[in-house]
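A closer look at the structure
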Amino acid sequence: MPLTLRINKTIKPLFTLIRPGIAHIRIPGALIKRGDLALALEDVEAEATLGAGAFIESVFLRGRLLNLPFWTHPIELRGEAAFDTEQISFRGTTTSAAGRVVATFDGIARTQEAAGNAQVRLKPLAFALDGLQPQELVSFLGDDLTAVSGTLAASGTVRWNGGKWTVGGTVSLEGLSFNFGSVGGGNLAGTVDFDCLWPR
């Protein structure tokens, strides 16, 4: 399944050479699409360090994801990558509109093998009756889930090889209480392991 990148043509991307070996590019808007998944970005800026023969040695990138699946608000993305002849290593953070770090990620892509892996760590989310509630973050949760308190954290790994993708990770709960319609739970703790994003 091909991965496509569509750049907003109403405003031309801005490319400048800051100084020898350092290039800067700004893309006001873009759409990344693969199958039914489409991610819209805006205010994307990148600064690249160029080596011999204009080979890209490293990149610093920042931008805003407008429609991350299930996530209610835009997410700020900052990352950096280092290139060599065999692989790309990368790392970065995602931040909420309020400036709170939501998740960190890092990984390696082996370019000649079309393979690699990425680790994603969700920062612990502390829910409170008079504070943060899940509906403020996740778009598909309705009004039935109320009075949520406690802490949730998660981490996962994505691996790909020759067009095949696998996902695995863990969700951790500590002191989680909630009401869901006429059903409630209190002071729940534990971990849940998963090996896919959707039920099979």
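Above this text is the structure in question.
Bear in mind that the values here come from a model prediction, so they are computed numbers and not experimental data. The residue numbering used here restarts from 1 in each chain and proceeds along that chain's sequence as written. Two thresholds apply to this predicted model, a pLDDT of at least 70 for residue-level local features and 80 or more for giving and counting side-chain atom pairs, whereas whole-chain, interface and lining totals are computed over all residues. Note that water and hydrogens are dropped before the side-chain values are worked out from all heavy atoms of the structure.

Points about the nonpolar core
Definition of nonpolar core: a set of buried residues of the types Ala, Val, Leu, Ile, Met, Phe, Trp, Tyr and Cys, connected through side-chain atoms within 4.5 Å. Any residue under 20% of the maximum accessible area for its type is buried, any over 50% is exposed, and the rest in between are partly exposed; the area is computed with a 1.4 Å probe on protein chains only. Ile27, Ala30, Leu39, Leu41, Val44, Leu65, Ile75, Val102 and Ala103 together form the largest nonpolar core, which totals nine residues. The helix count covers DSSP runs of H or I at least four residues long, the strand count covers runs of E at least two residues long, and both are numbered beginning at the N terminus. Only β3 (22-34), β4 (37-50) and β8 (101-110) provide two or more residues apiece to this core. By residue number, the principal contributor to this core is β4, which donates three residues. When checking whether two residues touch, look at their non-hydrogen atoms; a contact exists if any pair is within 4.5 Å. When near neighbours in sequence (up to four residues on either side) are disregarded, Val44 contacts Ile25, Arg26, Ile27, Leu61, Arg62 and Gly63. Within the second largest apolar cluster, seven residues are counted, among which are Leu125, Phe127, Val138 and Leu145.

Let's talk about the environment of Phe83
With respect to the helices, strands and loops of the structure, Phe83 is situated in strand β6 (residues 75-83). Note: C-alpha distance between Phe83 and Ile56 (27 residues apart in sequence) is 6.7 Å.

Here's the deal with the pairing of strand β10 (residues 145-161)
Judged from the 11 bridges that link them, strand β9 (residues 115-127) and β10 form a sheet pairing that is antiparallel. Within β10, the position partnered with Gln119 by the bridge is Thr157. Strands pair, by our definition, only if DSSP identifies at least two bridges between them. Here β10 folds back onto strand β11 (residues 164-180), and the loop between the two strands holds two residues, one of which, Gly162, carries a positive phi near 60°.

Describing the side chain of Thr94
Within the secondary structure, Thr94 is located in strand β7 (residues 87-95). Residues contacting Thr94, with those up to four places away along its chain left out, are Ile75, Glu76, Leu77, Arg100, Val101, Val102, Ala103 and Phe105.

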